Amino acid sequence: MLAVLTTRVRLEERMIFTALERRGIPYEAVDDRSLVVDLQTGPEVRYRGVFNRIMSHTRSVYAARLYEAAGLQVVNSSAVIETCGDKVLTSLALVRAGLPTPRTVVAVTPDAALRAIETIGYPAVVKPTVGSWGRLLSKVNDRDAAETLVEHKQAMRSPAHSVFYVQELVDKPGRDIRAIVLGDQVVAAVYRRSEHWITNTARGATTSPCELSPDLVKLSLRAAEAVGGGMLAVDLIERSTGELLVTEVNHTMEFHGLAEVAEVDVADLVVGHVEEVLSG
Amino acid sequence: MTTATASTCPDCTETVPVPDGLRVTSIVVCPGCKVELEVIALDPTEFALAPEIEEDFGE
């Protein structure tokens, strides 16, 4: 029996369940809110593997670690989730691998935040280190805005919001690219277009097919490898010169926008990848 | 947790259609007040207000 860890059953999870059923793969959807593990005896049910679709970064890492400690293979692994769920760790992995990525400066206190922002220069983009869907992204156009942002983040009284992850604003052509990597293959890619500087489907961006050029494939595979590999959505942007940059790598990817325009059945390919990993 | 029996929104009492393939933990949107609802039981269908998206939720 395969465990599919879930938080909410969204369109992606429904598509995954359908793909599992179509392939005749026995599975149990395990709601992360029901998860209790005795560390001495391990999880109550002995699954043959774990497919992790938990939406919370914190819960996802711990759940993966709990199953891994019991000797089960979790897809994606806790190490990959930890790296991909934290923008600082992702950027460090990308930089370490020598991959093109927007210039990034990090400060770990509000006191140092202004210097980090002004090291990048205006306009700068400030992102939370953990989180997704384009939430709490700030485009900082000048020092006044920077001072206000730092004060507001300080007022949130959260250690996580006192870490400042600052990037150059890349003059992208109103779109970014999402490429789906499964193991050593890029199976599909889409453009995500928006009039807004945040080109995220959760913020209303629309998708259209993107050709898998050799450069895109190579860079996506290298980005996936840099964070530990697995089942990943690599997000990229293009400079006005055409240079491709990797912005992030997502470990529990959403693909509803991609599924609308892709010629392949992403959910089925994802399930196939999980089966391949577990049987390998 | 606020719940309601059958296919009624626990927030506004609007009747919520139950599409095929719904499972416990599925999320639907109330056609009346647009709040997100989570299926907490089937046969008969019961809805609760869906858990709020937390800060570290994402992909």
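Residues numbered from 1 in each chain as written. Chains lettered and ligands numbered in written order. Predicted model: local features only at pLDDT ≥ 70, side-chain atom pairs only at ≥ 80, totals over all residues.

Looking at an unreviewed UniProt entry, one finds chain B named Alpha-aminoadipate carrier protein LysW and attributed to Umezawaea tangerina.

In the nomenclature of an unreviewed UniProt entry, chain A corresponds to L-2-aminoadipate N-acetyltransferase from the organism Umezawaea tangerina.

S.K.: What should I look at first to understand the UniProt feature "domain: ATP-grasp" (unreviewed entry) in chain A in this one?
M.R.: With numbering aligned to this structure, UniProt lists the feature "domain: ATP-grasp" (unreviewed entry) at residues 91–275 of chain A. The straight-line gap between the two end C-alpha atoms of residues 91–275 of chain A is 29 Å; of that span, 32% is helix and 28% is strand. (UniProt positions renumbered as here; feature names shortened; annotations may be inferred. Helix = DSSP H or I, 4+ residues; strand = E, 2+ residues; numbered from the N terminus.)

S.K.: Please clarify how the sheet that holds strand β13 (residues 244–250) of chain A should be interpreted in this entry.
M.R.: Residue and element names in this part refer to chain A. With antiparallel pairing, five strands are arranged side by side in an open sheet as β11-β10-β9-β12-β13. The sheet is open, and its two edges are formed by β11 (206–209) and β13, each paired on a single side. Adjacent strand axes in the sheet meet at a mean angle of 30° when their direction is disregarded. By the bridge criterion, six bridges tie strand β12 (residues 231–238) to β13 in an arrangement that is antiparallel. Paired with Glu 238 across the strands is Leu 244, a residue of β13. Sheet strands in contact with helix α7 (residues 214–226) are β9 (175–182), β10 (185–193), β12 and β13, and its direction is about 45° off that of β13. (Pairing = 2+ DSSP bridges. Axes fitted to C-alpha atoms, helices over the stretch in contact; angles between N-to-C directions. Contact = placed C-beta atoms within 7 Å.)

S.K.: Which parts of the structure should I look at to understand the interface of chain B and chain A?
M.R.: Frequently, the measure chosen for interface size is the accessible area that the parts lose on association. Each side of the interface is counted separately: chain B has eleven residues, and chain A has 18 residues. For the side of chain B that touches chain A, a count of residues per class yields two nonpolar, four polar and five charged. (Nonpolar A, V, L, I, M, F, W, Y, C, P; charged D, E, K, R; others polar.)

S.K.: Help me understand the packing of helix α5 (residues 110–120) of chain A against helix α6 (residues 143–155) of chain A in this model?
M.R.: When two helices pack together, you describe them by how their axes are tilted relative to each other and by the distance separating the axes. Residues and elements named next belong to chain A. At a minimum axis separation of 10 Å, α5 and α6 run at an interaxial angle of 150°. As summarised for this structure, α5 and α6 are arranged roughly antiparallel, according to the angle between their axes. In the packing of α5 onto α6, the handedness of the crossing is right-handed. Two secondary-structure elements touch here, α5 through Pro 110, Ala 113, Leu 114 and Ile 117 and α6 through Ala 146, Glu 147, Val 150, Lys 153 and Gln 154. Considered class by class, the residues forming the contact of α5 with α6 number six nonpolar, one polar and two charged. (Parallel < 35°, antiparallel > 145°, perpendicular 65-115°, else oblique. Left-handed = near helix turned anticlockwise from the far one by under 90°.)

S.K.: How should I be thinking about the nonpolar core in this particular structure?
M.R.: Most often, soluble globular proteins keep nonpolar side chains buried together rather than apart. Residue and element names in this part refer to chain A. One finds Ile 180, Ala 223, Leu 232, Val 234 and Val 270 to be the most contacted residues of the largest nonpolar core, which totals 56 residues. Structurally, this core is a two-domain feature, drawing no fewer than three residues from each of domain 1 (2–84) and domain 3 (172–279). Residues within four places of Val 270 in sequence aside, it is in contact with Ile 16, Leu 182 and Met 231. Counting 14 residues, the second largest nonpolar core, distinct from the first, contains Ala 113, Val 126, Ala 146 and Tyr 165. (Core = buried A, V, L, I, M, F, W, Y, C linked by C-beta atoms within 7 Å. Buried ≥ 20, exposed ≤ 12 C-beta atoms within 10 Å, placed from the backbone. Domains from an automatic or database assignment.)

S.K.: Can you walk me through the sheet that holds strand β5 (residues 104–107) of chain A in this structure?
M.R.: One key point about sheets: their strands pair by backbone hydrogen bonds, in either a parallel or an antiparallel sense. Residues and elements named next belong to chain A. Pairing is antiparallel across the open sheet formed by four strands, whose spatial order is β5-β8-β6-β7. Both edges of this open sheet fall to β5 and β7 (138–140), since each of them pairs with a single strand only. Within this sheet the neighbouring strands show an average axis-to-axis angle of 30°, counted without direction. Examined bridge by bridge, strand β6 (residues 124–127) and strand β8 (residues 164–168) share four bridges and lie antiparallel to one another. Pairing of Val 125 across the sheet is with Gln 167, part of β8.

S.K.: Explain the environment of Leu 244 of chain A to me, please; I cannot follow it from the model alone.
M.R.: All names here are of chain A. Relative to the elements of secondary structure, Leu 244 occurs in strand β13. Here the alpha-carbon distance between Leu 244 and Ile 117, two residues 127 residues apart in the chain, equals 23 Å. Every residue in contact with Leu 244, bar those within four places of it in the chain, is listed here: Pro 100, Asp 215, Leu 216, Leu 219, Leu 236 and Glu 238.

S.K.: Got a minute to help me understand the pairing of β6 of chain A in this structure?
M.R.: A regular strand carries its side chains on alternate faces of the sheet. Residue and element names in this part refer to chain A. Across the two faces of β6 the burial is the same, with Ala 124 and Val 126 and Val 125 and Lys 127 all buried. Note that β6 and β7 share three bridges and pair antiparallel. When the bridges of β7 are listed, Val 126 appears paired with Ser 138.

S.K.: Can you walk me through the domain arrangement of chain A in this structure?
M.R.: On domain assignment, one finds that chain A holds domain 1 (2–84), domain 2 (103–168) and domain 3 (172–279). A separation of 33 Å is found between the C-alpha centroids of domain 1 of chain A and domain 2 of chain A.

S.K.: In this structure, what is going on with the packing of helix α1 (residues 11–22) of chain A against helix α9 (residues 266–279) of chain A? I would like to understand it.
M.R.: Residues and elements named next belong to chain A. Between α1 and α9, the least distance of the axes is 8 Å, while the angle of their chain directions is 65°. Of the two possible hands of crossing, α1 and α9 adopt the one that is right-handed. Residues Met 15, Ile 16, Thr 18, Ala 19 and Leu 20 of α1 touch α9, and the partners they reach there are Ala 267, Asp 268, Val 270 and Val 271. Tallied by class, residues from the contact of α1 with α9 come to seven nonpolar, one polar and one charged.

S.K.: It is not clear to me how α6 of chain A should be interpreted in this structure. Could you clarify?
M.R.: Since the α-helix turns once every 3.6 residues, residues separated by three or four places project in the same direction. Residue and element names in this part refer to chain A. Over its 13 residues, α6 runs 18 Å from end to end, which matches the ideal 18 Å to within 8%, given 1.5 Å per residue. Of the positions making up α6, those classed as buried are Ala 146, Leu 149, Val 150 and Lys 153. Down the axis of α6, the smallest arc covering the buried residues is 100°, so these residues share one side. Those residues of α6 that are exposed and aimed more than 90 degrees away from the buried face are Asp 144, Thr 148, Glu 151, His 152 and Ala 155. Residues of α6 that are buried make contact with α5, β6 and β7. (Expected span 1.5 Å × (residues − 1). Arc of directions from axis to C-beta.)

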